[in-house]
Amino acid sequence: MDFVVSKVAMSICALMVVAVLAGVFDRDAFVDRDHELSGVLDRLSGLVDRAATSSSEFTTGWIVPLSFDGSSIVVSIRAGAVSAESGGRTAMSQPACGLHTWTWDGRGLNSSSICEMDRSSPQLRFESGMTILIRTILVTLENEPRYLVFASQTL
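Here the structure is a predicted model, which is why all the values come from computation and not from measurement.

Parameters at a glance
- Residues numbered from 1 in each chain as written.
- Predicted model: local features only at pLDDT ≥ 70, side-chain atom pairs only at ≥ 80, totals over all residues.
- Heavy atoms only, no water.
- Helix = DSSP H or I, 4+ residues; strand = E, 2+ residues; numbered from the N terminus.
- Buried < 20%, exposed > 50% of the residue type's maximum accessible area, 1.4 Å probe, protein only.
- Contact = heavy atoms within 4.5 Å.
- Pairing = 2+ DSSP bridges.
- Axes fitted to C-alpha atoms, helices over the stretch in contact; angles between N-to-C directions.
- Phe/Tyr/Trp six-rings, centres within 6.5 Å; stacked < 30°, edge-to-face > 60°.
- Patch = residues over 30% accessible without salt bridge, like charges linked within 9 Å, V, L, I, M, F, W, Y side chains within 5 Å.
- Areas by Shrake-Rupley, 256 points an atom, 1.4 Å probe, with all protein chains shown as cover.
- Salt bridge = Lys/Arg side-chain N within 4 Å of Asp/Glu carboxyl O.
- Core = buried A, V, L, I, M, F, W, Y, C linked by side-chain atoms within 4.5 Å.
- Expected span 1.5 Å × (residues − 1).

1. Quick look at the overall build of the chain
When helices and strands are tallied, the chain shows 3 helices and 7 strands. Traced from its N-terminal end to its C-terminal end, the chain shows the element sequence α-α-β-β-β-β-α-β-β-β. Looking at the chain as a whole, 35% of its 155 residues are labelled buried. In the chain, the proportion of contacts linking residues at least 24 apart, taken out of those at least 6 apart, comes to 62%.

This is the structure we're talking about:
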């Protein structure tokens with residue numbers, strides 16, 4: 001009986017060695033690749049939403065991460081919408097507070113001027129390793145002070 005048990009144990013050990021060598025127990029083997037980009041955008045949107053509710057002017061940076069397999073992720077921001085692309089997959093998101101890519105010139109704003117500037121502003125594109133600068137600025141919106149959140153490549 002001991003002979004059979006030892007042969008079974010050796011067979012199991014051999015199968016585990018082959019599985020490890022074949023990558024079955026790879027740390028990324030069970031990663032949900034379909035939701036990877038959505039998770040990246042959720043983290044970015046969470047930072048933007050926290051910035052909007054901070055009630056203060058500040059600047060912070062967010063570095064675009066690599067995907068789980070080490071390939072580059074491209075994050076694009078335009079007219080409040082944020083998208084991420086990697087390996088033929090794409091995900092889109094829109095932070096609840098709005099994210100602007102234009103530069104405020106100090107003049108008073110209203111809702112229609114913000115919409116127009118969002119539509120005409122350039123698309124910002126960031127690759128893995130690049131830093132997205134997130135800034136909150138106190139602006140005058142319809143004669144009231146209000147914090148808006150801006151994204152940029154430089155200060």
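2. Some points on the sheet that holds strand S2 (residues 74-78)
The antiparallel open sheet is built from 4 strands, whose spatial order is S4-S3-S2-S5. The open sheet terminates on both sides in strands that have one partner only, identified here as strand S4 (89-93) and strand S5 (124-127). Ignoring which end each strand starts from, the neighbouring axes of this sheet average 15° apart. Here S2 runs beside S5; their pairing, made up of 4 bridges, is antiparallel.

3. Concerning the packing of aromatic side chains
The geometry of an aromatic ring pair is captured by the separation of the ring centres together with the interplanar angle, meaning the angle of the planes. Within this structure, the stated rule accounts for 1 aromatic pair. Taking the centre distance of 4.9 Å and the plane angle of 85° together, the rings of tryptophan 102 and phenylalanine 150 count as edge-to-face. Of this pair, tryptophan 102 sits in the loop between S4 and helix H3 (111-120) while phenylalanine 150 sits in strand S7 (residues 144-152), placing them 48 residues apart in sequence. Here tryptophan 102 and phenylalanine 150 have matching classes, each one buried.

4. Comments concerning a nonpolar patch on the surface
Residues Val8, Ile12 and Met16 make up a contiguous nonpolar surface patch of about 280 Å² in total accessible area. Inspection of the secondary structure puts methionine 16 in helix H1 (residues 2-22).

5. Some points on the nonpolar core
The nonpolar side chains of a soluble globular protein tend to be buried with one another. One finds Leu44, Val75, Ile77, Leu99, Ile132 and Ile134 to be the most contacted residues of the largest nonpolar core, which totals 22 residues. Counting only elements with at least two residues in this core, the list comes to helix H2 (36-52), S2, strand S3 (81-86), S5, strand S6 (131-141) and S7. In this structure leucine 44 touches Trp62, Val75, Val82, Ile132 and Ile134, once residues within four positions along its chain are discounted. Of all hydrophobic cores here, the second largest spans 9 residues; its members include Leu109, Ile114, Val139 and Leu141.

6. As for H2
For H2, which comprises 17 residues, the first-to-last C-alpha distance of 25 Å matches the rise-based estimate of 24 Å (1.5 Å per residue) to within 8%. Those residues of H2 not exposed but buried are Glu36, Leu37, Gly39, Val40, Leu41, Leu44, Ser45, Leu47, Val48 and Ala51. Buried positions along H2 lie against strand S1 (58-63), S2, S3, S4, S6 and S7.

7. Topic: the environment of phenylalanine 68
Within the secondary structure layout, phenylalanine 68 lies in the loop between S1 and S2. Sequence separation between phenylalanine 68 and glutamate 36 is 32 residues, and the spatial gap between their C-alpha atoms is 7.9 Å.

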